[in-house]
Amino acid sequence: GSGSIIPLAEVGAADAQRVGGKAANLGELKRAGFPVPDGFVVFSEPGPDLAEAVQRVGGWPVAVRSSALAEDLAEASFAGQYDTILNVSGLEQLNQAIAGCRESARNTRVASYRAARAAGAGDQIAVLVQRMVPADAAGVAFTANPVTGDRSEVVISAVRGLGEILVSGQAIADEWVVRNGVASHRSSSSEAITAGQAISVAGLARRAAEHFGRPQDVEWAFLGDRLFLLQSRPMTALPEPVDWSPPKVRGIHPPGGSHWMRNLRLGEWLPEPVTPLFGDWMLKLISTGFGRGTHTDTGITTGLRQAIVNGWYYSTPEADLRARALLTAILTRPVGIFRFASSIVKQTADPVLSEHRFFG
């Protein structure tokens, strides 16, 4: 291309500092064989061959999107912060759209976001021009659940027509979740896509995530049976995946696994998730005190094995059941032993409290 216009297929991830994150990501994917619409990047004042560049990507109409140097970074995506102009026809409209995209990089909304999220990032902006896809259905797909962080789920939002009506909030989306190759319909207002199409979108999004080596937020569109990838950016502020595997206790392997409960003893007074300080410091002191108190009441050395799982307190009984010590305790402190045992049995057997347990 000319000094100010570069074909999208000639840029890649390494060119982000020149053509911006959005164009660099899409160029990278196009070169890797992904179904990205043809386009080109304008990164300085366009020359006289702009009309020729449009013809090379299939002619009018085109979609014009910003590709700022600070956009679609791993730390801050700037999603939705820059302007997009669709169905642009003719050189006059195209020049206006390019100028509008550049102006959007300097407006107050973006400046505030940049100051908060990417200090030092300039307002330089390249502009991405692509063949317009008159979509029958479009939307976004997250290759990890943005709420739970679950990397085994692809969460899809879909609308009929162009995806911009979803991004701008003009339409209520159909929601799909694809897990292990099975698509589940969470909500529907327009039946924009089928289960098979949802699985295709999930597959495309996952391939983009594998290519970049991290979860992606993907924009996609269907035109007839053809699926296009319109944008791929890293998911930011993604929570770590939640794992509800039972805690591992070194050297302890009870038959049938361990039985962990949230409501046992101390857990009765902890109905909410605990703080990191509680888990790191206070929990040890409480455990020691609990063991001493139980020994005073019953004569046996016992405590609770305790763990913090995803912020929640769990525990399981840890008793010294050596025959001699137990027999001595029963003979000398029968009331204390009975109270302790009945408390454990009651809390373990109560079906109302079953939601507070898990086995391992």
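The structure presented is a predicted model; accordingly, all values stated were derived computationally and were not measured. (Residues numbered from 1 in each chain as written. Predicted model: local features only at pLDDT ≥ 70, side-chain atom pairs only at ≥ 80, totals over all residues. Heavy atoms only, no water.)

**Looking at the environment of H211**
Argument step 1. Along the polypeptide, H211 turns up in helix α7 (residues 195-212).
Argument step 2. Along the backbone, H211 and L29 are 182 residues apart, and their C-alpha atoms lie at a distance of 8.1 Å.
Argument step 3. With residues up to four places along the chain from it excluded, the contact list for H211 reads E28, L29, A32 and F34.
Argument step 4. Within the structure, H211 has its side chain in polar contact with the side chain of E28 (distance 3.0 Å). (Helix = DSSP H or I, 4+ residues; strand = E, 2+ residues; numbered from the N terminus. Contact = heavy atoms within 4.5 Å. Polar contact = N/O pair within 3.5 Å; in protein donor to acceptor, adjacent residues only side chain to side chain.)

**Remarks on the pattern of salt bridges**
Argument step 1. Taken as a whole and judged by the stated rule, the model has seven salt bridges.
Argument step 2. Here R56 ties to E52 by a salt bridge, and the two come within 3.0 Å at their closest N and O atoms. On the criterion of helical spacing, the pair formed by R56 and E52 is a turn pair, its members being four residues apart in helix α3 (residues 50-56).
Argument step 3. R56 gets classed as partly exposed once you look at its relative accessible area, which sits at 47%.
Argument step 4. For E153, the salt bridge is made with R179, and the minimal N-O distance between the two is 3.2 Å. Here R179 lies in strand β8 (residues 174-179) and E153 lies in strand β7 (residues 153-160), a separation of 26 residues in the sequence.
Argument step 5. Relative accessible area serves as the criterion here: at 11%, E153 is assigned to the buried category.
Argument step 6. Classification of R179 as partly exposed rests on a relative accessible area of 37%. (Salt bridge = Lys/Arg side-chain N within 4 Å of Asp/Glu carboxyl O. Buried < 20%, exposed > 50% of the residue type's maximum accessible area, 1.4 Å probe, protein only.)

**Topic: a nonpolar patch on the surface**
Argument step 1. A cluster of nonpolar side chains, L277, W281, M282 and L285, forms an exposed patch at the surface whose accessible area comes to about 430 Å².
Argument step 2. Mapped onto the elements of the fold, L285 is located in helix α8 (residues 276-298). (Patch = residues over 30% accessible without salt bridge, like charges linked within 9 Å, V, L, I, M, F, W, Y side chains within 5 Å. Areas by Shrake-Rupley, 256 points an atom, 1.4 Å probe, with all protein chains shown as cover.)

**Overview of the packing of aromatic side chains**
How two aromatic rings sit relative to each other is set out by the distance from centre to centre and by the angle between their planes.
Argument step 1. For the structure on display, the rule yields one aromatic pair.
Argument step 2. Both rings, one in W220 and one in F222, keep their centres 5.9 Å apart while their planes meet at 75°; by these two values the pair is edge-to-face.
Argument step 3. For F222, a relative accessible area of 4% gives the class buried.
Argument step 4. Between R262 and the ring centre of W312, over which it is positioned, the NZ or CZ distance is 4.4 Å. (Phe/Tyr/Trp six-rings, centres within 6.5 Å; stacked < 30°, edge-to-face > 60°. Lys NZ or Arg CZ within 6 Å of the ring centre and 35° of its normal.)

**Let's talk about the sheet that holds β8**
Argument step 1. The six strands lie next to each other as β9-β8-β7-β6-β10-β11, forming an open sheet whose pairing is antiparallel. Each edge of the sheet is formed by a strand with only one pairing partner; in this case those strands are β9 (182-187) and β11 (226-234). Pairs of neighbouring strands in the sheet enclose a mean axial angle of 25°, with direction left out of account.
Argument step 2. Direction of pairing for strand β6 (residues 137-142) relative to β7: antiparallel, over a ladder of six bridges. Each bridged residue has a counterpart across the sheet, and for A138 the counterpart in β7 is V159. (Pairing = 2+ DSSP bridges. Axes fitted to C-alpha atoms, helices over the stretch in contact; angles between N-to-C directions.)

**Things to note about the pairing of strand β3 (residues 62-68)**
Argument step 1. Counting buried residues in β3 gives seven out of seven residues, a clear majority hidden from the surface.
Argument step 2. Where burial is concerned, the two faces of β3 agree: the one with V62, V64, S66 and A68 and the one with A63, R65 and S67 are both buried.
Argument step 3. With three bridges connecting them, β3 and strand β4 (residues 84-88) associate as antiparallel partners. Of the residues in β4, the one forming a bridge with R65 is T84.
Argument step 4. Here seven bridges tie β3 to strand β5 (residues 125-131), and the two strands are oriented antiparallel to one another. Among the inter-strand pairings, S67 is bridged to a residue of β5, identified as A126.

**Here we look at the packing of helix α2 (residues 21-31) against α7**
Argument step 1. Relative to each other, α2 and α7 sit at 105°, their axes nearing to 11 Å. Here α7 runs roughly perpendicular to α2, going by the angle between their axes. Facing α2, whose interface residues are N25, E28 and L29, α7 presents A208, H211 and F212.
Argument step 2. Taken together, the residues that form the contact of α2 with α7 break down as three nonpolar, two polar and one charged. (Parallel < 35°, antiparallel > 145°, perpendicular 65-115°, else oblique. Nonpolar A, V, L, I, M, F, W, Y, C, P; charged D, E, K, R; others polar.)

**A word on the side chain of D217**
Argument step 1. For D217, the location among the structural elements is in strand β10 (residues 216-223).
Argument step 2. On the basis of relative accessible area, D217 is assigned to the buried category, the value being 10%.
Argument step 3. With sequence-adjacent residues up to four places away left out, D217 is seen in contact with V140, A141, F142, Q231, S232, R233 and M235.

**Topic: the confidence of the model for the protein chain**
Argument step 1. Averaged over every residue, the pLDDT of the protein chain is 80; residues scoring 70 or more account for 74%.
Argument step 2. This stretch, residues 118-122, has a pLDDT under 50; its non-local contacts, to residues over four places away or in other chains, come to eight contacts.
Argument step 3. Here residues 351-360 is a poorly scored stretch, pLDDT under 50, and it has 31 contacts once near neighbours within four places are set aside; other chains count. (pLDDT = per-residue confidence, 0-100.)

**A closer look at unusual backbone geometry**
Argument step 1. Here the residue pair W60 and P61 is connected by a cis peptide bond, since its omega of -5° sits within 30 degrees of zero.
Argument step 2. Looking at the element boundaries, P61 is found in the loop between α3 and β3.
Argument step 3. Unlike most non-glycine residues, N180 shows phi in positive territory, near 55°.
Argument step 4. With respect to the helices and strands, N180 occurs in the loop between β8 and β9.

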